[in-house]
Amino acid sequence: MSSVNNTDMNRLLARTTFLLLIFFTKHTLAQKMIDANSIREKMQWFADAKLGIFVHAGIYAVDGVDESWSFYNKKISHSSYMQQLNGFTLSQYNPNAWADLFKEAGARYAVITTKHHDGVAMYDTRLNKLSSVQATPAKKDLIAPLFEALRQRGLKAGAYYSLIDWTHTDYPAFLRDSNRYRIPDDYNRWQRFRQFFQAQVVEINTLFKPDLFWFDGDWEHSAEEWEAAKVRQLILRDNPNAIINSRLQGYGDYETPEQNIPLSKPAYPWWELCMTINDNWGYQHKDNNWKTPGEIISIFTDVVGTGGNLLLDVGPKEDGTIPPEATHVLRELGGWNKRNGEAVFGTLAGIPNGHFYGPTTLSKDSTVLYLFLQGRPTGTLKIKGLANQINSITVLGNGTPLTHKVVGKISWSKVPGLIFIDVPQQALDPYVTVLKLQLAGPVTLYSGTGGL
Ligand code: GLC
């Protein structure tokens, strides 16, 4: 009896260990990134950029359905989804106007969908006929003219590319509950697909030389199945400074949290929050849940305060125009950046939580501390544990000089005094006010327990 129990126990133990092993292997693989020191130099423009615009352009804007997911999740059939090809006109597409708008917003780069999970390329791919050029009345390549317009204005140009291609007949997954085949059952078919997608990656690299590759959908297969290491090499071979996002099963250069703001500074040095302005990546006429400029600016300051970039998404309509609500947000964000950009672009993540109740950033030499005042404070602000002497404080957006008071400094204690600052109501920014503190030297903090 007891031996049966022991055998069961052993089996259970072995199974649990096995499952835990799988869990941790997966987990550590997902966390694995390229060694930061080996890429620091090429990452510099990205670290300084802080704001990018994400563009989800695709046939899904025609009916205003979820990009690719609508057929995968069986909200509509694949054939009705593909009917949208016939309504994709790009009749008003003006890449210069897009690039002007992105620049006006303050963005330093833009990333556009060259192909989403639906498999429809937004350029003239030579690998099949499923593209905006060959298969839609638009008959246009979206990518080349946009990249040119961006680069003329000094913005970097990024290519979003979905590894998943649910339309391709050699791709295993198709609908939520039905696959075409399992890789182990037909490895040749998988290899055919792999050759296809890798050729498209090389094609995009050759045609557009993207400054950044934004992969998506890596979760459907392992690094080995995608040949992620090889894909990275294929890109870097011809385009050595290209930056690659994390969605390449451990072979990326920066992390990509999606929609959710990190509450503490992520450990890996470079990261980018991608976020929609309403609730969808692509244009959906029924989606009116627009975030306000104030909300976007507040989120943006949270992101830069923890050292990240914001990749803010716009979904153009099928005619190639950007919805006025999105344009409004980008313009207001741009106005705010004009007033306050010194505290954002080319800065470092700010001081740790707890010293000041709000996001902060630092100049590269750490002698300037920027405080972001979210909401419209009516009382006195307080900074704790700042050991530096403050040479001056100004409201960044309008140059108003402010005074401060040091409270509770005990001459013989190492604990710095509290700093109180009054900000007059008339000096506040309509969105987020920024205070610029010129310190006497690089920032020095006390973060102890307040003891003697
Ligand atoms: C997700 C979705 C995709 C979207 C992307 C943007 O991965 O699958 O539809 O394009 O997020 O980050």
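In this text, all values refer to a predicted model and were calculated from it rather than measured experimentally.

Visitor: How do you make sense of the side chain of N280 when you look at a structure like this?
Guide: Relative to the elements of secondary structure, N280 occurs in the loop between β8 (272–276) and α11 (293–305). Classification of N280 as buried rests on a relative accessible area of 17%. Side chain to side chain, N280 and Q284 meet in a polar contact 3.2 Å long. A distance of 2.7 Å separates polar atoms of two side chains, one belonging to N280 and the other to D287. Apart from the residues within four sequence positions on either side, N280 is in contact with D66, D287 and D313.

Visitor: So what exactly am I meant to see when it comes to the packing of aromatic side chains here?
Guide: To describe a pair of aromatic rings, one takes the distance between the centres and the angle between the planes. In total, this model carries 32 aromatic pairs according to the counting rule given. Measuring from ring centre to ring centre gives 4.0 Å for Y72 and W166, while their planes differ by 15°; the resulting arrangement is stacked. Here W166 lies in the loop between β3 (156–162) and β4 (173–175) and Y72 lies in helix α4 (residues 69–72), a separation of 94 residues in the sequence. Considered together, Y72 and W166 belong to a single accessibility category, that of buried residues. With a centroid separation of 5.8 Å and 80° between ring planes, the pair formed by Y268 and W270 is classed as edge-to-face. Side by side, Y268 and W270 carry an identical accessibility label, which is buried. Of the aromatic side chains, those joined through ring pairs into one cluster are W69, F71, Y72, Y81, W166, F174 and W219.

Visitor: I tried to follow the sheet that holds strand β13 (residues 380–383) on my own but got confused; where do I start?
Guide: By way of backbone hydrogen bonds, the strands of a sheet pair with one another, either parallel or antiparallel. An order of β13-β17-β16 is seen for the three strands of this open sheet, with the pairing classed as antiparallel. Edge positions in the open sheet fall to β13 and β16 (404–407), since each of these has one partner strand only. Ignoring strand direction, the axes of neighbouring strands in this sheet form an average angle of 25°. With four bridges connecting them, β16 and strand β17 (residues 418–422) associate as antiparallel partners.

Parameters and conventions
- Residues numbered from 1 in each chain as written.
- Predicted model: local features only at pLDDT ≥ 70, side-chain atom pairs only at ≥ 80, totals over all residues.
- Heavy atoms only, no water.
- Helix = DSSP H or I, 4+ residues; strand = E, 2+ residues; numbered from the N terminus.
- Buried < 20%, exposed > 50% of the residue type's maximum accessible area, 1.4 Å probe, protein only.
- Polar contact = N/O pair within 3.5 Å; in protein donor to acceptor, adjacent residues only side chain to side chain.
- Contact = heavy atoms within 4.5 Å.
- Phe/Tyr/Trp six-rings, centres within 6.5 Å; stacked < 30°, edge-to-face > 60°.
- Pairing = 2+ DSSP bridges.
- Axes fitted to C-alpha atoms, helices over the stretch in contact; angles between N-to-C directions.

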